[in-house]
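Here's the letter readout for the chains.
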Amino acid sequence: MGPILLYAAFASALLSMFMYFRANSSAANSGKIIKNARLLFHASAILTISSAAFLMYLIITHQFQYTYVWNYSSSDLPWNLLIATFYAGQEGSFHLWALLMAILGVFLMPYLASRDSESAVDHGKSDRYEPLVMGTFVLLQAFLLSILIIKSPYLFVWDSFPADVQMGFIPEQGRGLNPLLQNFWMTIHPPILFTGFTSLSIPFAFAIAALIKNDYSRWMKLALPWTLFAGMILGLGIMLGGYWAYGVLGWGGYWAWDPVENSSFVPWLLIIGAIHTMVAEERIGKYKKTSLILCILAFSAVLYSTFLTRSGVLGDASVHSFVDPGQEVYLFLVVFLAIFVGGGLGLLIFRFKSLRTEKSEIQVNLMSRESALFVGAITICATALVIAVGTSWPIISKGTVEADFYNRMNLPLAILIAAINGISILLRWKHSDEKSFFKSLYMPLGFTAAVTIMLVILGVRDFLFAVLAAASFFSFFINAEIAYTIFKKNKTKAGAYVAHMGLMLLFLGVIGSARYSQEENVSLPLGEPKQVLGGYILTYKGATEIPGDHDKFHFNVIVQKDDRAFLLQPIMYYSEYSEGIMKNPDIANLVTKDLYLSPMALEEPSQFSPNEIQSLKKGEEKEINGTKVKFIDFDRSKFNRDDMTSGKMNIMGAELEVTVDGKTEKVIAEQEMLENSSNPLPVKMTGNEKYTIYLTRLSVAGESFVDIAVVDDTKPPTQQAPETLVLTASVKPFINLVWGGTVVMVLGFFLALTARYKRIKSETRKLTGLKRTNHNGSNGHNDKGKQTSKKHELIED
């Protein structure tokens, strides 16, 4: 059923795309063709959603005969993580993308239809954007569905592993979800991030439509609401990923400049640049060429990031990348990238002459807001270029770029972005009076100087970070003042200024939490208090099982400072999935800072002191605690493989030559073995009762070895060291500004989007009234005057 749904969805999308492009090229009967194209797209959307629902059904009902279900899910996962396994792998994440394309397309289609209808009323002729925009959009959807046909989530395990699995075999259990992904944010972050990726295809489609039509009068106004939505959702998705990394991975940060992380950041930077040039284009008609280029490049960067993430080329450079998907998918991704990126840029080059800027556009006053917006957009694009080069470096040179490269290159650019943002707000469109402008700088510069001096006194000594803090405060004060003034009159119109305030808060949070973070590695013996980081007293109180999950343990640490005490519980456990120890930090949010405890290891008490135990390879002899011990071979006389397989106890031995006081004796040291535990059995030499010998550990695979302990019974027992928790403790000053700034920035986007929606509704009401006037057939002079008046009113609005 699954493959049938995908094939039908692909065929419907392909036919819808052909119908849309045919409607654009054929003026005659275009209305009927568009109706058929809409019907086919709706069919494709329904089939895509049905396929997603079917795959979800297979996951929820544990149909482990399907390779994808077996590979990423298991019956012991909680319901929210079970649902999240839908997009845990390559096939599922492509399906999520196709699903979101279908859903957004359902909203995009009526939006285009209504705006095209309004345009026909306003201009007295049909100026349709739906055929070209939806045609491009549905072509993208068809490509995604074709990838799902090539790399299907509906393969059976016997199709995936024909040499190892018989037809009809159903595994009892799935492999489960990667432990790093078993987190609340797995249910939220990927869908939001992919919604951002998907929404970037809409301004891309508008830009392609404008270039094909060679008409640039309406595209920006139609695309801007979707561009704002894309910037809001993608920015939120990126920062949720940072919050997830901070709270789960345990390395103490939220952005590692990982190539795959960067590949989602670059499209966001480009679309933010596009928003600013589009706003300038809307107000004064300039920068249409720049806006088109940035909208095309933003989605091209999404496709490029898809190639980097899915092709396997970053397998050694990024913890996030997927493994090699196979030659067919690799080649298809290359074609996907070439068609849309190459096609978009090729179309730009083809229309370059018609996009030449008029002389009136070239004469830009440097003391104007549009000039500042343009310079700001260029600076943002320079940041995107730096990150894109660093991200692509593993492909260029087969090496990786250190995080310090990104920090050094982007810090001056961040200073420029903050400063230009503040200055642009104080400038007017087209021209600003110099005296008024410089006078408006006095108050924000005064506040900025006072705060910066205070920061320097408090310990900010790094010059560039001090300048970034000053530029951020400068921009924040200006935006806050104007936002407050506007907010009293019309809340939604303050959106841009609120978003800028959020970004500046985020900058300040990055300065505090990244540059001025304190970190210390500490060993905490059980019950022994230790002071770290200038005043925090940590006491390890032992480990406890996590309720409901007996394989995971809380490592309880009491934290004391001044008169306050609280409990932190970092987590460590062994994961069979990754065959290693997994570690999760615990964080105390202290308003102005975070105390971050990341576990590193647990040193359990040893039965033997270091001089009593040694590791020996076959034929090797070492001195151990006054004796010489040589490992001859393993003794398997009491070992039974069948008993071991069935879980019964077994005994494995090591044949040793032990020399004491010049006398050598052969000794068989033995160890009781169960499935998950072992117990060394004491053995003595027949001619010397002074020493007891233990076989504590052995390995028969690869380069075989044994660990042998020799205890001198005439000496008092070795005092065992207590259980010790080794962890990294760090303090992250003002990290809440990073998260709070993100919330404020997203709120600003939302307000701007709401204002844009209200504006569209207002225009629609006015045009509806205009349409009724035309429908009544009033041809008199007074009616024409009213009609003209309404048009002028609309233009002014």
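These notes cover the structure that comes with them. (Residues numbered from 1 in each chain as written. Predicted model: local features only at pLDDT ≥ 70, side-chain atom pairs only at ≥ 80, totals over all residues. Heavy atoms only, no water.)

**Let's talk about the overall build of the protein**
Here is step 1: A tally of helices and strands in the protein yields 21 helices and 19 strands.
Here is step 2: Of all 797 residues assigned to the protein, the portion counted as buried reaches 51%.
Here is step 3: Nonlocal contacts in the protein, meaning residues at least 24 apart in sequence, comprise 68% of its contacts between residues at least 6 apart. (Helix = DSSP H or I, 4+ residues; strand = E, 2+ residues; numbered from the N terminus. Buried < 20%, exposed > 50% of the residue type's maximum accessible area, 1.4 Å probe, protein only. Contact = heavy atoms within 4.5 Å.)

**Things to note about the packing of helix 8 (residues 189-213) against helix 9 (residues 219-248)**
Here is step 1: Running from N to C, helix 8 and helix 9 cross one another at 155°; their axes reach a closest spacing of 8 Å. Judged on the interaxial angle alone, helix 9 and helix 8 are roughly antiparallel. The chirality of how helix 8 crosses helix 9 is left-handed.
Here is step 2: Its residues assigned to classes, the contact of helix 8 with helix 9 comprises 22 nonpolar, 7 polar and no charged. (Axes fitted to C-alpha atoms, helices over the stretch in contact; angles between N-to-C directions. Parallel < 35°, antiparallel > 145°, perpendicular 65-115°, else oblique. Left-handed = near helix turned anticlockwise from the far one by under 90°. Nonpolar A, V, L, I, M, F, W, Y, C, P; charged D, E, K, R; others polar.)

**Quick word on the pairing of strand 9 (residues 593-603)**
The side chains of a regular strand alternate, residue by residue, between the two faces of the sheet.
Here is step 1: For strand 8 (residues 586-589) and strand 9, the ladder comprises 4 bridges, and the chain directions are antiparallel. Bridging from a neighbouring strand, Ile-587 pairs with Tyr-596 of strand 9. (Pairing = 2+ DSSP bridges.)

**Section: the sheet that holds strand 17 (residues 688-699)**
Here is step 1: Read from one edge of the open sheet, 4 strands run 10-18-17-16, paired in antiparallel fashion. Sheet topology places strand 10 (613-617) and strand 16 (683-685) at the edges, where each strand pairs with a single neighbour. Looking at each pair of strands side by side, their axes are set apart by 35° on average, direction ignored.
Here is step 2: Two strands pair when backbone bridges link them, and strand 16 and strand 17 are joined in this way by 3 bridges, in the antiparallel orientation. Counterpart to Lys-684 in the pairing with strand 17 is Thr-692.

**Thoughts on a negative patch on the surface**
Here is step 1: Together, Glu-545, Asp-551, Glu-576 and Glu-579 make up a region of like negative charge exposed at the surface.
Here is step 2: Considering the arrangement of structural elements, one finds Asp-551 in strand 4 (residues 549-561).
Here is step 3: Judged by relative accessible area, which is 57%, Asp-551 ranks as exposed. (Patch = residues over 30% accessible without salt bridge, like charges linked within 9 Å, V, L, I, M, F, W, Y side chains within 5 Å. Areas by Shrake-Rupley, 256 points an atom, 1.4 Å probe, with all protein chains shown as cover. Salt bridge = Lys/Arg side-chain N within 4 Å of Asp/Glu carboxyl O. Lys, Arg positive; Asp, Glu negative; His and termini not counted. Charge placed at Lys NZ, Arg CZ, Asp CG, Glu CD.)

**Some remarks on the pattern of salt bridges**
Here is step 1: All told, the structure shown has 13 salt bridges when counted by the stated rule.
Here is step 2: Between Lys-151 and Glu-91 there is a salt bridge, with its nearest N and O atoms 4.0 Å apart. Here Glu-91 lies in helix 5 (residues 90-123) and Lys-151 lies in the loop between helix 6 (130-150) and helix 7 (157-160), a separation of 60 residues in the sequence.
Here is step 3: With a relative accessible area of 18%, Lys-151 lands in the buried category.
Here is step 4: Taking the relative accessible area as the measure of exposure, Glu-91 reaches 14% and is therefore buried.
Here is step 5: The shortest N-O distance in the salt bridge between Lys-666 and Glu-655 comes to 3.4 Å. Highlighted residues: Lys-666 in strand 14 (residues 663-673) and Glu-655 in strand 13 (residues 650-660), separated in sequence by 11 residues.
Here is step 6: Classification of Lys-666 as exposed rests on a relative accessible area of 57%.
Here is step 7: Using a relative accessible area of 21% as the deciding quantity, one classes Glu-655 as partly exposed.

**Remarks on the side chain of Ser-201**
Here is step 1: You can see Ser-201 is positioned in helix 8.
Here is step 2: For Ser-201, a relative accessible area of 0% gives the class buried.
Here is step 3: In this structure the side chain of Ser-201 is engaged in a polar contact, spanning 2.5 Å, whose partner is the backbone oxygen of Thr-198.
Here is step 4: Contacts of Ser-201, omitting those with residues within four sequence positions, involve Met-101, Phe-137, Leu-140 and Phe-299. (Polar contact = N/O pair within 3.5 Å; in protein donor to acceptor, adjacent residues only side chain to side chain.)

**Description of empty space enclosed by the protein**
Here is step 1: On inspection of all chains with the given rule, the structure shows 2 cavities of 30 Å³ or more.
Here is step 2: One number sums up the size of the largest cavity: a volume of about 40 Å³.
Here is step 3: What lines the largest cavity is simply Arg-115, Lys-221, Pro-225, Arg-756, Arg-759, Ile-760 and Glu-763.
Here is step 4: Looking at the lining of the largest cavity element by element, the count peaks at 4 residues for helix 20 (residues 736-775).
Here is step 5: Across the lining of the largest cavity, the residue classes tally to 2 nonpolar, no polar and 5 charged. (1 Å grid on protein atoms, 1.4 Å probe; cavity = no way out; pocket = protein on both sides within 12 Å on 5 of 7 lines; lining within 4 Å. Points joined across faces, edges and corners; volume = space filled by probe spheres on them.)

**Things to note about the nonpolar core**
Here is step 1: Within the largest apolar cluster, 164 residues are counted, with the highest numbers of intra-cluster contacts made by Trp-97, Leu-108, Tyr-129, Met-134, Phe-206, Trp-219 and Leu-292.
Here is step 2: Those residues within four positions of Met-134 in sequence are excluded, and the remaining contacts are Tyr-20, Phe-41, Gly-105, Leu-108, Met-109 and Leu-112. (Core = buried A, V, L, I, M, F, W, Y, C linked by side-chain atoms within 4.5 Å.)

**Concerning unusual backbone geometry**
Here is step 1: Positive phi outside glycine occurs at His-62, with the angle close to 60°.
Here is step 2: In this fold, His-62 is placed in the loop between helix 2 (30-60) and helix 3 (67-72).
Here is step 3: Phi is positive for Phe-734, which is not a glycine, with a value near 55°.
Here is step 4: Position of Phe-734 among the secondary structure elements: in the loop between strand 19 (724-733) and helix 20.
Here is step 5: For Phe-734, a relative accessible area of 46% gives the class partly exposed.

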